[in-house]
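# Structure assessment
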Amino acid sequence: MKKHILMAVALLWGTSAVAETLWHMPTPYGDRNFHTANIIEFADQVSQASNGEFLIKTHSAGSLFKHPEIATVVRRGLVPIGELLMSRLGNENPLYELDSIPFLASNYEQAYQLWQASRPEIEKVLSERGMKLLFAVPWPPQGLYASRELADTSDMAGLRVRAYNRATEQIALAVNAVPTQVEAPDIPTAFSTGRVDAMITSPSTGANTQAWDYVSHYYPINAFLVKNMVVVNQQAFDSLTVEQRQILLDAAKQAELRGWQASREETDRTVAIMAEKGMSITQPTAHFMEQLHGVGEQMIEEWLNRSGVEGRAVIDAYRKLSEAIDQEGN
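Residues numbered from 1 in each chain as written. Predicted model: local features only at pLDDT ≥ 70, side-chain atom pairs only at ≥ 80, totals over all residues. Heavy atoms only, no water.

### Quick word on the overall build of the protein
Going by this rule: Counting from the N terminus, the helices are the DSSP runs of H or I reaching at least four residues and the strands are the DSSP runs of E reaching at least two. Working rule for contacts: check all heavy atoms of both residues, and any pair within 4.5 Å makes them a contact. The method behind every accessible area is Shrake-Rupley, applied with a 1.4 Å probe, and residues are considered shielded solely by the protein chains displayed. Residues scored as positive are Lys and Arg, those scored as negative are Asp and Glu, and His as well as the terminal groups of each chain are ignored. Where a charge sits is defined by one atom per residue type, namely NZ (Lys), CZ (Arg), CG (Asp) or CD (Glu).
Scanning the protein for helices and strands turns up ten helices and eleven strands. Along the longest, intermediate and shortest principal axes, the C-alpha atoms of the protein span 60 × 45 × 35 Å. If you take every contact in the protein between residues at least 6 apart in sequence, the share linking residues at least 24 apart comes to 77%. Summing over all exposed atoms, the protein offers an accessible surface of approximately 14,600 Å²; the carbon and sulfur share of this is 50%. In the protein, 28 positive and 39 negative side-chain charges are present, and the distance between their average locations comes to 6 Å.

Now the structure itself:
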C-alpha cells in the first residue's frame, strides 16, 4: 500500500492535468493543532496569491507519512514539502538540537534571539542535504506532567517518561527515569496502558491530548521552546517559476510571524483549559528548579562538545545578541 502511495505522490507533486502546480505536504499533527492551522493558512495564501495555479494540499496527523519519515521523503523528493520537529534531526547534526537544550532559552524573547543566531547555520546544514528552510514556529514552553507531586528530581526516579527527541531522553536519564519513545497521537494510549507515567511537553500537546484524563499535575518548568520547521526539497523549489518562488517565500515569512504569535496565545489558552478541567497547575519549588537547571548546564556542555566550532559560534552569537538587547533595554 505504501509503495502505491509513494508512486502516486511522486507523480502528483509536480504538474497536474490542468497545468496547476500541486504539492502534497505531510504534517505530523491533527487539524486542531495550532501548527497545522497555521500551515493550512499558509497553503491558502499560496493558492490565493497564485490565483489557484500553485496549490499545496496538506495531509495532517501523519496521514500521508509518519513524523519520523517526513525529512527523508522531502529529501528524496517523494514529496516536495513537509513539516517536522527540528530536533528530530539531531542524529544528523547537533545544531538541530539547539532549541531543546534545557533552560538555554526558556521564554519567547530568548527563543527568538536563539533562532536569529542559529538560523543561518540551520539553513546551511539543510542545504547540504538538499533541503531549503521556509519557516519555523516554536511550541509553547515545555512543562512537566505527572500523576503525583514532584518536589525533587529523586521523585522522578523509575518513572517511565515519554520522550520525543534526544533532549527529552537525556533529561529522563539524568533524573534516573526511563525514557520511552511515544508519538503525540499515541500519548493517551501510552498512559492508559502504563507505557509511560510522565512527560515533558507543551501545554498545547497536553490540552490537545486531554491530559486531564491520564495525569493530575502540570508543572510549568519552561524547559525550552522546541520548533517545528517547514522545509522544501531544493530541486522542487528550483523547478518553480520565479513568481511562484516569491509567492512561497512571502507566504512563509508571514506564516513564521503569525505562528510565533499563535504560539504565545496557545500557551495561555491551553494552560487555562487544563486548569478548567481540574488539573493542578503547580509552580515547581525553587529546589526542584535548581536541580533541573543543573541538568540543563550539563546538557549544554555535552552539546558544545558534540557540536564543535559551529556550535560554539552559534552560542556565542546568541549570547552577544542577548547582551546587546539587554543593554538597549537598560
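After presenting the structure, the write-up continues.
### Description of the packing of aromatic side chains
Operational definition: Any Phe, Tyr or Trp ring, taking Trp's six-membered ring, that has another such ring centre within 6.5 Å forms a pair; planes under 30 degrees apart are called stacked, those over 60 apart edge-to-face, and the others tilted. For every residue, the accessible area obtained with a 1.4 Å probe (protein chains only) is divided by the maximum for its type, and the residue is called buried under 20%, exposed over 50%, and partly exposed between those limits.
Under the counting rule described, the total for this entry stands at seven aromatic pairs. Measuring from ring centre to ring centre gives 5.1 Å for Trp23 and Phe54, while their planes differ by 80°; the resulting arrangement is edge-to-face. Taken as a pair, Trp23 in strand S1 (residues 21–26) and Phe54 in strand S2 (residues 54–59) lie far apart in primary sequence, 31 residues in all. With centroids separated by 4.7 Å and ring planes inclined at 55°, the aromatic side chains of Tyr145 and Tyr218 adopt a geometry described as tilted. Within this pair, whereas Tyr145 is found in strand S5 (residues 143–146), its partner Tyr218 is found in strand S9 (residues 217–219), the two being separated by 73 residues in sequence. Residue classification places Tyr218 among the buried residues on the basis of a relative accessible area of 2%. Members of the aromatic cluster, connected to one another through ring pairs, are Tyr29, Phe34 and Trp139.

### Here we look at empty space enclosed by the protein
Test applied: Computed over the protein atoms alone on a 1 Å grid, cavities are sets of points where a 1.4 Å probe fits but cannot get out and pockets are open sets with protein on both sides within 12 Å along at least five of seven lines; a residue lines them when it has an atom within 4 Å of a point. Grid points are joined across faces, edges and corners, and a volume is the space filled by probe spheres set on the points. In this count, Pro and Cys sit with the nonpolar residues alongside Ala, Val, Leu, Ile, Met, Phe, Trp and Tyr, while Asp, Glu, Lys and Arg are called charged and the others, Gly among them, polar.
Summed over the entire model, instances satisfying the criterion amount to three cavities of 30 Å³ or more. Taken as a whole, the largest cavity holds about 60 Å³ of empty space. What lines the largest cavity is Pro102, Phe103, Leu144, Met156, Ile171, Ile200, Ile221, Ala223, Leu292 and Val295. Residues belonging to the lining of the largest cavity are distributed by class as follows: ten nonpolar, no polar and no charged.

### Topic: the sheet that holds strand S3 (residues 81–85)
Put simply, the rule is: What makes two strands pair is DSSP finding at least two bridges between them. What counts as an axis is a line fitted to C-alpha atoms, over the stretch in contact for a helix, and the angles between N-to-C directions run from 0 to 180 degrees.
Strand order in the open sheet made by the three strands is S3-S10-S4, with antiparallel pairing throughout. A strand with exactly one partner marks an edge of an open sheet, and here the two such strands are S3 and strand S4 (131–138). Mean inter-strand twist for the sheet, computed between neighbouring axes without regard to direction, equals 25°. Inspection of the sheet shows S3 paired to strand S10 (residues 227–233) by five bridges, in the antiparallel sense. Its bridge partner lying in S10, Leu84 is registered against Met229. Lying over the sheet, helix H4 (residues 108–128) contacts S4 and S10, oriented at roughly 165° with respect to S4. Sheet strands in contact with helix H9 (residues 242–276) are S4 and S10, and its direction is about 25° off that of S4.

### Brief notes about the environment of Ala71
Counting through the fold element by element, Ala71 comes out in helix H3 (residues 70–75). Note: C-alpha distance between Ala71 and Val232 (161 residues apart in sequence) is 9.5 Å. With residues near it in sequence (within four places) discarded, Ala71 still touches Leu84, Leu89 and Met131.

### What about the sheet that holds strand S8 (residues 198–201)?
Backbone hydrogen bonds hold the strands of a sheet together, and the pairing may be parallel or antiparallel. Pairing within the open sheet is mixed, and its six strands lie in the order S7-S6-S8-S5-S9-S11. Strands with a single pairing partner mark the edges of an open sheet, and in this sheet they are strand S7 (178–181) and strand S11 (280–281).

### A few points about the pairing of S7
Successive side chains on a regular strand alternate, one facing one side of the sheet and the next facing the other. Defined as follows: Note on handedness: a crossover is taken as right-handed if, strands pointing away from the viewer, the path from the first strand over the helix to the second is clockwise.
In this structure, strand S6 (residues 160–163) lies alongside S7, joined through four bridges in parallel fashion. Bridged to Arg162 within S7 is Thr180. Regarding the hand of the β-α-β motif, the stretch spanning S6, helix H5 (residues 166–174) and S7 is right-handed.

### Focus on the packing of helix H2 (residues 34–49) against H9
This is how it is decided: By the definition adopted for this analysis, an angle is roughly parallel if under 35 degrees, roughly antiparallel if over 145, roughly perpendicular if from 65 to 115, and oblique otherwise. The hand of a helix crossing depends on one turn: near helix anticlockwise from the far one by less than a right angle means left-handed, and clockwise means right-handed.
The geometry of H2 relative to H9 is characterised by a closest axis approach of 9 Å and an angle of 155° between their N-to-C directions. Here H2 is positioned roughly antiparallel relative to H9, judged by the angle of their axes. In the crossing of H2 with H9, the sense of the turn from one axis to the other is right-handed. Contacts between H2 and H9 involve Phe34, Asn38, Glu41, Phe42, Gln45, Val46 and Ala49 on the former and, on the latter, Ile247, Leu248, Ala251, Ala252, Gln254, Ala255, Arg258, Gly259, Ala262, Ser263 and Glu266. Looking at the contact of H2 with H9, its residues break down into ten nonpolar, five polar and three charged.

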